[in-house]
Amino acid sequence: MKIACLQFNPIQENTYVVWDDTAQCAVIDAGNSNERENAALRNFFEEHGLRPAVAVNTHGHFDHTLGVEWLRTTYGIPFALSGKDRFLLENASVSGQIFGVKIGAMPAAPDIDLDTVPEIHFGDTALQVIATPGHTPGHVSLYEPQSKSLFTGDTLFRESIGRTDLPGGDYSWIMRSILEKILPLGDEVRIYPGHGPESTIGHETIYNPFVVEVLGGEVNCKN
Ligand SMILES: [Zn+2]
């Protein structure tokens, strides 16, 4: 699987385009927010001969969904998100105001509820859906086992974690998600976060203070 990262919108969100030899692609967390960014994404598809098959999201925060409705209507593709994050689509314009970001059209609901499917397919590739709640109630991470690539959204960043003080966030949940769902995938797994640079799970077990703390049993995350 090939992976490209395009950074979009004032929140500097990482939008990932992933594809395989079939030239079908998935767009993970489409954050393109204006004509210029839409054109950058369209040009990327055209330069690489890619056909979008699905828009899939780790979670429903507006900085990760700004480009979804454009993808749905331009390419006629479905949008996949956990139904538990649907309320965030409804809240997007209010959240955008708080962050000073103008919010365009948003889908009313996901076409595919990630709570009901184990994998999302495009071309010959399957992305496993791993529930990692905490940053939001419906946050998922997406894992492609052959390339050992994990899209962690705003759960796990290089040497940090996502905030849990926004509506629906929960600190003990995010730490349990990291401990029980992400770290067991193995040190060599490469992580692609929703903001900032990539990393590996092995790097995070040494240099991420939140991961070090939870591995040391210093976080009560079992409640
Ligand atoms: Zn977020």
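Residues numbered from 1 in each chain as written. Predicted model: local features only at pLDDT ≥ 70, side-chain atom pairs only at ≥ 80, totals over all residues. Heavy atoms only, no water.

### Some thoughts on the coordination of the zinc ion
So, point 1. Summarising the metal site, the zinc ion is bound by the protein donors His59 (NE2), His61 (ND1), His135 (NE2) and Asp154 (OD), whose distances to it range over 2.2 to 2.3 Å.
So, point 2. Considering all 4 donor atoms around the zinc ion, the spread of angles at the metal, 85 to 169°, places the coordination shape in the irregular class.
So, point 3. For the zinc ion, the single-chain donor residues occur in sequence as H-x1-H-x73-H-x18-D. A residue pair is termed long-range when its members are at least 10 positions apart, and histidine 61 in the loop between β4 (51-56) and α2 (62-65) and aspartate 154 in the loop between β10 (149-153) and β11 (156-157) qualify at 93 residues.
So, point 4. Aspartate 154 gets classed as buried once you look at its relative accessible area, which sits at 4%. (Donors = N, O, S within 2.8 Å, 3.2 Å for Na, K, Ca; no water. Tetrahedral: all angles 85-135°; square planar, octahedral: opposite > 155°, others 65-115°. Helix = DSSP H or I, 4+ residues; strand = E, 2+ residues; numbered from the N terminus. Buried < 20%, exposed > 50% of the residue type's maximum accessible area, 1.4 Å probe, protein only.)

### Structural notes on the sheet that holds strand β6 (residues 112-113)
Hydrogen bonding along the main chain pairs the strands of a sheet, whether they run parallel or antiparallel.
So, point 1. Taken in spatial order, the 6 strands of this open sheet run β1-β2-β3-β4-β5-β6, and their pairing is mixed. Both outer strands of the open sheet, β1 (2-8) and β6, are each paired with one neighbouring strand and no more.
So, point 2. Across 2 bridges, the pairing between strand β5 (residues 79-81) and β6 is parallel. For alanine 80, the partnering residue across the bridge sits in β6 and is isoleucine 112.
So, point 3. On top of the sheet, helix α1 (residues 35-48) reaches β1, β2 (13-19), β3 (24-28) and β4; it is set at about 160° to β1, its chief contact. (Pairing = 2+ DSSP bridges. Contact = heavy atoms within 4.5 Å. Axes fitted to C-alpha atoms, helices over the stretch in contact; angles between N-to-C directions.)

### Structural notes on the environment of threonine 125
So, point 1. As for its position among the elements, threonine 125 is in strand β8 (residues 125-131).
So, point 2. Linking threonine 125 and valine 18, residues 107 residues apart in sequence, is a C-alpha distance of 9.6 Å.
So, point 3. Separated by 2.6 Å, the side chains of threonine 125 and aspartate 20 make a polar contact. (Polar contact = N/O pair within 3.5 Å; in protein donor to acceptor, adjacent residues only side chain to side chain.)

### Examining the pairing of β4
Where a strand is regular, its side chains alternate between the two sheet faces.
So, point 1. Where β3 and β4 come together, 5 bridges link them in parallel fashion. Considered in β4, the bridge of valine 27 is made with alanine 55.
So, point 2. Note on the crossover from β3 through α1 to β4: the handedness is right-handed.
So, point 3. Pairing of β4 with β5, which is carried by 2 bridges, proceeds in the parallel orientation. Residue pairing for β5: alanine 55 is matched across the bridge by phenylalanine 79. (Right-handed = clockwise from strand over helix to strand, strands pointing away.)

### Some details on helix α6 (residues 171-182)
So, point 1. With 12 residues, α6 extends 16 Å from end C-alpha to end C-alpha; this agrees with the ideal 16 Å at 1.5 Å per step.
So, point 2. Those residues of α6 not exposed but buried are Ser172, Ile174, Met175, Ser177, Ile178 and Ile182.
So, point 3. Buried residues along α6 sit against β9 (140-144), β10, β11, β12 (160-161), α7 (201-207) and α8 (209-215). (Expected span 1.5 Å × (residues − 1).)

### Re α1
So, point 1. With 14 residues, α1 should cover 20 Å at 1.5 Å per step; its first-to-last C-alpha distance of 20 Å lies within 8% of that length.
So, point 2. Where α1 is concerned, the buried positions are Glu37, Asn38, Leu41, Phe44 and Phe45. Buried residues in α1, looked at end-on, bunch into an arc of 120°, giving them a common side. Residues of α1 that are exposed and point more than 90 degrees away from the buried face comprise Glu35, Arg36, Glu46 and Glu47.
So, point 3. Each element contacted by the buried residues of α1 is listed here: β1, β2, β3, β4 and α3 (68-75).
So, point 4. Near the N-terminus of α1, the side chain that reaches the backbone nitrogen of arginine 36, with its oxygen 3.1 Å away, is that of asparagine 34.
So, point 5. One or two residues past the end of α1 sits glycine 49, with phi positive at roughly 65°. (Arc of directions from axis to C-beta.)

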